Amino acid sequence: MLHTNLTHVLSKDEHSKLLQENENVMICCGRMGPMCIPVYEAMEELENEYPHVKFADMEFDLPDASVIRDLPECRNFAGLPFVVYYKNGKVVKATSSIQTRDQITAILDEHFGKNN
Amino acid sequence: MENHFEVIVIGAGAAGLTAGIYLSRAKVNTLILNEGAVGGQMVLTHEIANYPGVDSISGYQLARNMKNQALKFGAKIKSNIKIKSIKPEGEIKSVELTNGEVYTSDALIIATGGRSRTLGVPGEDKFKGMGISYCATCDGDFFQDKKIIVVGGGNSALEEAVALTKYASSVTVVHQFDHFQAFEHYVEEARNNPKINFIMESKIEEFIGDERLTAVKIRNQRTGELTEMEIDGVFVFIGYAPNTEMFKGILELNDYGEIVVDKNMSTSLKGVFAAGDSIAKRFRQVTTAVGDGTVAALSAAEYVNNLKKSKA
């Protein structure tokens with residue numbers, strides 16, 4: 001399990017349940033590595049600012065993380081972490097490698113709207 | 001949170017966190033402001049094996065330990081903030097954030113560190129994470145049996161080139177000079193590795209691809225010849241640039257943009273100290289950053305105490 005304060009997704013079933021129960025979801029699929037940690041930290045801080053978004057992580061090396069690794073939107077990715085944004089269960093954006101808080105915020109605002 | 005502190009530390013890498021630990025332990029009211037994740041370049045290090053007293057530790061864990069230590073002693077930390085402006089002149093220093101918050105202090109410690117240099121050539125942003133990487137331990141396994149390039153000629157570049165041969169079918173080191181800056185044992189190890197070959201006196205001029213990186217254009221610096229090379233991945237290790245842009249024209253910087261300090265880590269402005277990778281120095285290690293942070297903290301504490309005495 002990843003050492004973050006985010007909701008951990010540990011299986012395909014949990015991934016599916018998360019998407020069913022939440023309209024807006026951001027999942028960071030990675031390891032505790034240099035490119036991933038800044039993304040987790042930004043997400044932990046953004047959780048309070050975006051209550052209408054569910055923030056979660058998933059360990060990249062879990063067999064069930066294939067639900068993210070094998071997404072068509074991630075087929076060209078070759079940099080951790082893989083971050084996927086879902087709206088009503090559909091992928092609306094996916095990014096590869098390190099992202100700043102500002103980059104993440106821009107995506108959240110564009111696809112899920114700002115917190116009012 | 002109160003808005004005035006005795007010391008504000010800007011940056012939460014090894015130098016900034018160490019300064020925070022020393023200051024708060026000495027009961028100096030301290031705020032650490034940090035753009036990005038706590039830990040700085042330390043977090044980018046997979047394994048730290050030469051930190052005295054610690055056999056081996058991940059950079060992430062060491063950063064976490066330092067952060068918790070600083071918090072335990074009472075330092076306040078605000079991370080992932082964005083600084084709009086700093087006014088370090090005069091007796092009261094002030095830092096304004098982009099969210100409008102303003103913090104003031106009697107002394108400042110600048111520990112803004114450095115960031116990995118990028119090549120800044122066409123295609124680099126587009127293919128980041130889709131063929132271009134800056135972290136071998138993070139992304140090496142995406143390049144199993146693939147052809148890759150490592151750009152650079154320092155210790156990191158050659159060490160990572162050797163490490164990447166675990167995955168790649170071939171590694172080509174592209175370096176702008178005719179010689180390497182790395183220590184001799186790194187050069188020797190790379191030269192003795194049959195999977196590694198070298199293109200010297202050359203620079204990548206463009207990254208090419210459609211949905212992911214497929215080729216690069218390489219210019220020979222001596223002959224001017226431009227060639228195209230098909231490639232699956234490129235790892236860039238060309239050193240670090242100091243995060244000192246906001247101090248240009250305010251503090252004395254050298255030609256490399258590094259802050260000039262004396263043996264007490266004092267800068268050209270009274271009450272402003274600097275430490276870590278943002279200062280002019282020869283060796284950039286976690287241990288040297290920790291040493292700088294210690295000296296800067298003790299100097300800042302002394303400065304603050306003298307200020308108090310002069311007002312008493």
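Residues numbered from 1 in each chain as written. Chains lettered and ligands numbered in written order. Predicted model: local features only at pLDDT ≥ 70, side-chain atom pairs only at ≥ 80, totals over all residues. Heavy atoms only, no water.

Caption draft 1: Focus on the state of the cysteines. Residues and elements named next belong to chain A. Inspection of the entire model under this criterion finds one disulfide over all chains. Of all cysteine sulfurs, the one in Cys 28 lies closest to Cys 29, which takes part in no disulfide; the gap is 7.5 Å. For the unlinked cysteine Cys 36, the closest cysteine sulfur is that of Cys 28, found at 5.8 Å. (Disulfide = S-S within 2.5 Å.)

Caption draft 2: How the structure looks around the UniProt feature "domain: FAD/NAD(P)-binding" (unreviewed entry) in chain B. Sequence positions flagged by UniProt for "domain: FAD/NAD(P)-binding" (unreviewed entry) are, in local numbering, residues 6–293 of chain B. Between the end C-alpha atoms of residues 6–293 of chain B the distance is 16 Å, and the span holds 19% helix and 29% strand. (UniProt positions renumbered as here; feature names shortened; annotations may be inferred. Helix = DSSP H or I, 4+ residues; strand = E, 2+ residues; numbered from the N terminus.)

Caption draft 3: Up close: the packing of helix H1 (residues 14–25) of chain B against helix H6 (residues 286–311) of chain B. Residue and element names in this part refer to chain B. The interhelical angle for the contact between H1 and H6, taken along N-to-C directions, is 40 degrees, at an axis separation of 7 Å. In this view, H1 runs oblique relative to H6, as classed from their interaxial angle. Of the two elements, H1 crosses H6, and the hand of that crossing is right-handed. Where H1 approaches H6, its residues Ala 14, Ala 15, Thr 18, Ala 19, Tyr 22 and Leu 23 are matched on the opposing element by Val 286, Ala 289, Val 290, Gly 293, Thr 294, Ala 297, Leu 298, Ala 300 and Ala 301. (Axes fitted to C-alpha atoms, helices over the stretch in contact; angles between N-to-C directions. Parallel < 35°, antiparallel > 145°, perpendicular 65-115°, else oblique. Left-handed = near helix turned anticlockwise from the far one by under 90°. Contact = heavy atoms within 4.5 Å.)

Caption draft 4: Geometry of the nonpolar core. Counting 62 residues, the largest nonpolar core has Met 26, Phe 55, Phe 82 and Leu 108 of chain A as the members making the most contacts within it. Among all residues touching Phe 55 of chain A, those that are not within four sequence positions of it are Leu 6, Thr 7, Met 26, Met 43, Leu 46, Glu 47, Tyr 50 and Leu 108 of chain A. (Core = buried A, V, L, I, M, F, W, Y, C linked by side-chain atoms within 4.5 Å. Buried < 20%, exposed > 50% of the residue type's maximum accessible area, 1.4 Å probe, protein only.)

Caption draft 5: How the structure looks around the confidence of the model for chain A. For chain A, the average pLDDT comes to 94, and 98% of its residues sit at 70 or higher. Within chain A, strand S4 (residues 82–87) of chain A carries the highest mean pLDDT (98), whereas helix H2 (residues 37–49) of chain A carries the lowest (90). (pLDDT = per-residue confidence, 0-100.)

Caption draft 6: Expanded view of the pattern of salt bridges. Within this structure, the stated rule accounts for 18 salt bridges over all chains. Between Glu 96 of chain B and Lys 84 of chain B there is a salt bridge; the shortest N-O distance is 3.9 Å. With Glu 96 of chain B in strand S5 (residues 93–97) and Lys 84 of chain B in strand S4 (residues 83–87), this pair connects stretches of sequence that are 12 residues apart. A relative accessible area of 26% means that Glu 96 of chain B is categorised as partly exposed. Residue class for Lys 84 of chain B comes out exposed when judged on its relative accessible area of 57%. A single network of salt bridges, built from pairs that share partners, joins Arg 31 and Asp 61 of chain A together with Asp 141 of chain B. (Salt bridge = Lys/Arg side-chain N within 4 Å of Asp/Glu carboxyl O.)

Caption draft 7: Layout of the packing of aromatic side chains. In this structure the tally under the stated criterion is 11 aromatic pairs over all chains. Measuring from centroid to centroid gives 6.4 Å for Phe 5 of chain B and Tyr 103 of chain B, while their planes differ by 55 degrees, and the two rings are tilted. Of this pair, Phe 5 of chain B sits in strand S1 (residues 4–10) while Tyr 103 of chain B sits in strand S6 (residues 102–110); the two residues are 98 residues apart in sequence, bridging distant segments of the chain. Residue classification places Phe 5 of chain B among the buried positions, given a relative accessible area of 2%. For Tyr 103 of chain B, a relative accessible area of 3% puts it in the buried group. With centroids separated by 6.1 Å and ring planes inclined at 70 degrees, the aromatic side chains of Phe 273 of chain B and Tyr 303 of chain B adopt a geometry described as edge-to-face. Within this pair, whereas Phe 273 of chain B is found in strand S17 (residues 272–274), its partner Tyr 303 of chain B is found in helix H6, the two being separated by 30 residues in sequence. Each member of the pair, Phe 273 of chain B as well as Tyr 303 of chain B, is classed as buried. Put simply, the rings of Phe 60, Phe 77 and Phe 82 of chain A together with Phe 142 of chain B pair up and form one aromatic cluster. (Phe/Tyr/Trp six-rings, centres within 6.5 Å; stacked < 30°, edge-to-face > 60°.)

Caption draft 8: Just the interface of chain B and chain A, in detail. Contacts between chain B and chain A engage 23 residues on the former and 24 residues on the latter. Where chain B abuts chain A, roughly 2100 Å² becomes buried across the two surfaces, and 55% of that area is made up of carbon and sulfur atoms. Together, Tyr 60, Asn 80 and Phe 142 of chain B form the three largest contributors to the area buried by chain B at its contact with chain A, with a combined 26%. The partner of Arg 75 of chain A in a salt bridge is Glu 211 of chain B, with the nearest N and O atoms 2.9 Å apart. Across the contact surface, chain B and chain A share 13 residue pairs in polar contact (both at pLDDT 80 or more). Among the secondary structure elements, those contributing two or more residues to the side of chain B that touches chain A are helix H2 (59–72) and helix H3 (136–139) of chain B. Taken together, the residues that form the side of chain B that touches chain A break down as 11 nonpolar, five polar and seven charged. (Buried area = accessible area lost by both parts, 1.4 Å probe. Polar contact = N/O pair within 3.5 Å; in protein donor to acceptor, adjacent residues only side chain to side chain. Nonpolar A, V, L, I, M, F, W, Y, C, P; charged D, E, K, R; others polar.)

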